[in-house]
Amino acid sequence: MSSCGLALAPPAKNVVVYRNGDPFFPGRKFVVNQRRFPTFEAFLNEVTESIRTPLAVRNLYTPRHGHRVAELGDLQEGCQYVAAGFEKFRKLNYLNRGKKELRGTRNGEGLQVSPGAEREQAGVQKEQGRVFRNGDLLSPPFPLSLSTSTPLQWDTLLATLTGKADLRSGAVSKLCRLDGTQVCGEEELVNGHYYVAVGNEEYKKLPYFELLVPQDSACRMLWYVD
C-alpha cells in the first residue's frame, strides 16, 4: 500500500511545566501529542487542571528568559516551560530548585559581592513566611527570606520587598498582615505566616490566601492568625 498522500502525525514531545512564581513547585511532566491535544488551548486546559493553578493557565514561557510560547508546534522535546495566567512572567531559578541564589555579582548589572560576603550569605537565609502583592489576585505569594546571621534593617527589608513584589504603585512602603494591620518591625514577624506588600495606597482586603494558595500545596501547611 502506497504511503503517498498520508500525513504523518508529529512525534510526541515530553515537556516539564512549572508554576509561575512558585519556587517550591517541582514541575509536572506532560507527554504532548496531536491526538491528545489537538489545540494549544486544550493543552493549556490540561496544564491548569494538572498543576492546580488558582486561575486558568493562558500562557507558557521559557524558564530562563521568559519568551512566550505561541503554539503547540513551538514546544521542544525535553524542554521546560513556565505556566502563567494573564500575569507577567516571574523570573526565578526554576531549573535549579533548592539551590541558594546569592544576590550580588551578575553579568551586566554592576553588582559586586566579595568572596567573604558570599560565604557569609550562603546557608544563612531562612524563610520567615510568604508575601502577597496588594490588590493582586493573579500572582502567587513569594517567599520572605531573612538572614539569620545579620540584624534586620526594616528599610532594607522594604527595599528587598520592592524588588520582589514589583507593585504597579511603585515601592513597598509597608508590610501588612492578612487582616490589614501593619507589621512595624522584625519582632512582629511570625514564622510561617502570610503577609501583604503594600505601597502608598491603602491595603486592599481580598481573599489572597483562599485564591492563591492551592488546596493540596505544601504551602497550606503554613497558616496565619487573624
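Residues numbered from 1 in each chain as written. Predicted model: local features only at pLDDT ≥ 70, side-chain atom pairs only at ≥ 80, totals over all residues. Heavy atoms only, no water.

In the annotation of an unreviewed UniProt entry, the protein chain is listed under the name DCD2B protein and assigned to Ciccaba nigrolineata.

Visitor: Tell me about the layout of surface pockets, and name the residues and values.
Guide: Estimates place the volume of the second largest pocket at around 390 Å³. Along its surface, the second largest pocket is lined by 18 residues, and Arg-90, Asp-136, Asp-166, Leu-167 and Arg-168 are the ones closest to its centre. Taken together, the residues of the lining of the second largest pocket sort by class into five nonpolar, four polar and nine charged. (1 Å grid on protein atoms, 1.4 Å probe; cavity = no way out; pocket = protein on both sides within 12 Å on 5 of 7 lines; lining within 4 Å. Points joined across faces, edges and corners; volume = space filled by probe spheres on them. Nonpolar A, V, L, I, M, F, W, Y, C, P; charged D, E, K, R; others polar.)

Visitor: A description of unusual backbone geometry should follow, citing residues and the corresponding values.
Guide: Residue Asp-166 is not a glycine yet carries a positive backbone phi of 50 degrees. Within the secondary structure layout, Asp-166 lies in the loop between α3 (154-165) and β8 (174-177). (Helix = DSSP H or I, 4+ residues; strand = E, 2+ residues; numbered from the N terminus.)

Visitor: Can you break down the sheet that holds strand β3 (residues 59-61) residue by residue, with the values?
Guide: As summarised here, the arrangement of the five strands in space is β2-β1-β5-β3-β4, forming an open sheet in which the pairing is mixed. The strands lining the two open edges of the sheet, one partner per strand, are β2 (28-32) and β4 (68-69). Inspection of the sheet shows strand β1 (residues 13-19) paired to β2 by five bridges, in the antiparallel sense. When the bridges of β2 are listed, Lys-13 appears paired with Val-32. Against the sheet, helix α1 (residues 40-51) contacts β1, β2, β3, β4 and β5 (80-84), and its axis sits at roughly 155 degrees relative to β2. (Pairing = 2+ DSSP bridges. Contact = heavy atoms within 4.5 Å. Axes fitted to C-alpha atoms, helices over the stretch in contact; angles between N-to-C directions.)

Visitor: An account of empty space enclosed by the protein is needed here, citing residue identities and associated values.
Guide: Tallied over the entire structure, the rule returns one cavity of 30 Å³ or more. By volume, the largest cavity amounts to about 210 Å³. Together, 21 residues line the largest cavity, and Arg-19, Asn-20, Thr-53, Pro-54 and Pro-140 are the ones closest to its centre. Per-class residue counts for the lining of the largest cavity are 13 nonpolar, four polar and four charged. When residues of the lining of the largest cavity are assigned to domains, at least three map to each of domain 1 (13-84) and domain 2 (130-212). (Domains from an automatic or database assignment.)

Visitor: I'd like a rundown of the environment of His-193, residues and numbers included.
Guide: Along the chain, His-193 falls in strand β10 (residues 193-198). In sequence terms His-193 and Leu-178 are 15 residues apart; their C-alpha atoms lie 9.2 Å from each other.

Visitor: So what about the environment of Leu-175? Which residues, and what values?
Guide: Note that Leu-175 resides in strand β8. Taking the C-alpha atoms as reference points, Leu-175 and Gly-199, 24 residues apart in sequence, are found 8.8 Å from one another. Sequence-distant contacts of Leu-175, defined by excluding residues within four places in its chain, comprise Val-131, Leu-144, Trp-154, Leu-158, Leu-161, Thr-181, Gln-182, Val-183, Leu-189, Tyr-195, Val-196 and Ala-197.

Visitor: Go over the pairing of β10 with me, naming the residues and quoting the values.
Guide: In terms of burial, β10 is largely enclosed, as six of its six residues are buried. Neither face of β10 is left uncovered, since the one carrying His-193, Tyr-195 and Ala-197 and the one carrying Tyr-194, Val-196 and Val-198 both have all their residues buried. Pairing of β8 with β10, which is carried by four bridges, proceeds in the antiparallel orientation. Residue pairing across strands places Lys-174 opposite Val-198, the latter belonging to β10. (Buried < 20%, exposed > 50% of the residue type's maximum accessible area, 1.4 Å probe, protein only.)

Visitor: Can you explain the confidence of the model for the protein chain? Please cite residues and give values.
Guide: Per-residue confidence for the protein chain averages 78 on the pLDDT scale, and 76% of its residues sit at or above 70. For residues 98-123, every residue scores under 50 in pLDDT, and the model assigns this stretch 20 contacts once sequence neighbours within four places are set aside. Segment residues 218-226: pLDDT under 50, and 24 contacts once partners within four positions in sequence are set aside and those in other chains are kept. (pLDDT = per-residue confidence, 0-100.)

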